[in-house]
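If you want the building blocks of each chain, they are given just below.
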Amino acid sequence: MTRSLVLAGFLAFGLPAFSHASSDEAWAEFRADVEAACEALSPKEGTVLVEVNPFGSESYGAAIVYHRTDAGLDRYVCVYDKQSKEAELTAAFPAADSP
């Protein structure tokens, strides 16, 4: 009986970490999905660079979007819902004052 309880406890508390573990291929696919979703929302003129956080949070992927034009560089945050696979882009951050 005791062995069954220990096994049940391991399955209840220890296994979720293993079940949520993902392969390198799955993480690469996740990052590509976040990058594509965020790039699709980015301004079209100029040059865009999407820097994806490798894993995001439990529920969301995140990226910093850099947008360069002749007028300068804008920065945005892109948030990607892992469940719905929908992304949202913030407004551009105001230009930082030089120290």
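Residues numbered from 1 in each chain as written. Predicted model: local features only at pLDDT ≥ 70, side-chain atom pairs only at ≥ 80, totals over all residues. Heavy atoms only, no water.

### Quick word on the overall build of the chain
What the chain contains, in helices and strands, is 2 helices and 4 strands. From first element to last, N terminus to C terminus, the chain shows the α and β order α-α-β-β-β-β. Taken over 99 residues, the chain has a buried fraction of 14%. A separation threshold of at least 6 residues defines the contact pool for the chain, and within that pool the share at least 24 residues apart is 27%. (Helix = DSSP H or I, 4+ residues; strand = E, 2+ residues; numbered from the N terminus. Buried < 20%, exposed > 50% of the residue type's maximum accessible area, 1.4 Å probe, protein only. Contact = heavy atoms within 4.5 Å.)

### With respect to the side chain of His67
Note on placement: His67 falls in strand β2 (residues 60-69). The exposure class assigned to His67 is buried, which follows from its relative accessible area of 3%. Apart from residues lying up to four places away in sequence, His67 is in contact with Pro43, Glu45, Gly46, Thr47, Val48, Gly72, Leu73, Asp74 and Tyr76.

### A few points about the packing of aromatic side chains
The final tally for this structure, using the stated rule, is 3 aromatic pairs. Arranged with centres 4.8 Å apart and planes meeting at 85°, the rings of Trp27 and Phe55 form a pair that is edge-to-face. Of the two residues, Trp27 is situated in helix α2 (residues 24-41) and Phe55 in the loop between β1 (47-52) and β2; the sequence distance between them amounts to 28 residues. An aromatic cluster is present here, built from Trp27, Phe30, Phe55 and Tyr80 joined pairwise through their rings. A cation over a ring is seen here: Arg31 above Phe55, with NZ or CZ 5.9 Å from the ring centre. (Phe/Tyr/Trp six-rings, centres within 6.5 Å; stacked < 30°, edge-to-face > 60°. Lys NZ or Arg CZ within 6 Å of the ring centre and 35° of its normal.)

### Re the side chain of Ser42
Along the chain, Ser42 falls in the loop between α2 and β1. Under the relative-accessibility criterion, Ser42 is labelled buried at 3%. A distance of 2.8 Å separates a polar side-chain atom of Ser42 from the backbone oxygen of Cys38. Not counting residues up to four positions away in its chain, the partners in contact with Ser42 are Val48, Val65 and Leu89. (Polar contact = N/O pair within 3.5 Å; in protein donor to acceptor, adjacent residues only side chain to side chain.)

### A short note on unusual backbone geometry
Unlike most non-glycine residues, Lys85 shows phi in positive territory, near 65°. Relative to the assigned elements, Lys85 resides in the loop between β3 (72-81) and β4 (87-89).

### A few points about the nonpolar core
With 11 residues, the main nonpolar core is built from Phe30, Val34, Ala37, Cys38, Val50, Val52, Ala63, Val65, Tyr76, Cys78 and Tyr80. The set of elements that each furnish at least two residues to this core consists of α2, β1, β2 and β3. (Core = buried A, V, L, I, M, F, W, Y, C linked by side-chain atoms within 4.5 Å.)

### Remarks on the pairing of β3
Relative to β3, β2 runs antiparallel, the two being bridged by 10 bridges. Paired with Ala62 across the two strands is Val79, which belongs to β3. Hairpin connection, β2 to β3: the antiparallel pair is bridged by 2 residues. Where β3 and β4 come together, 3 bridges link them in antiparallel fashion. Looking at the pairing, Val79 lines up with Glu88 of β4. (Pairing = 2+ DSSP bridges.)

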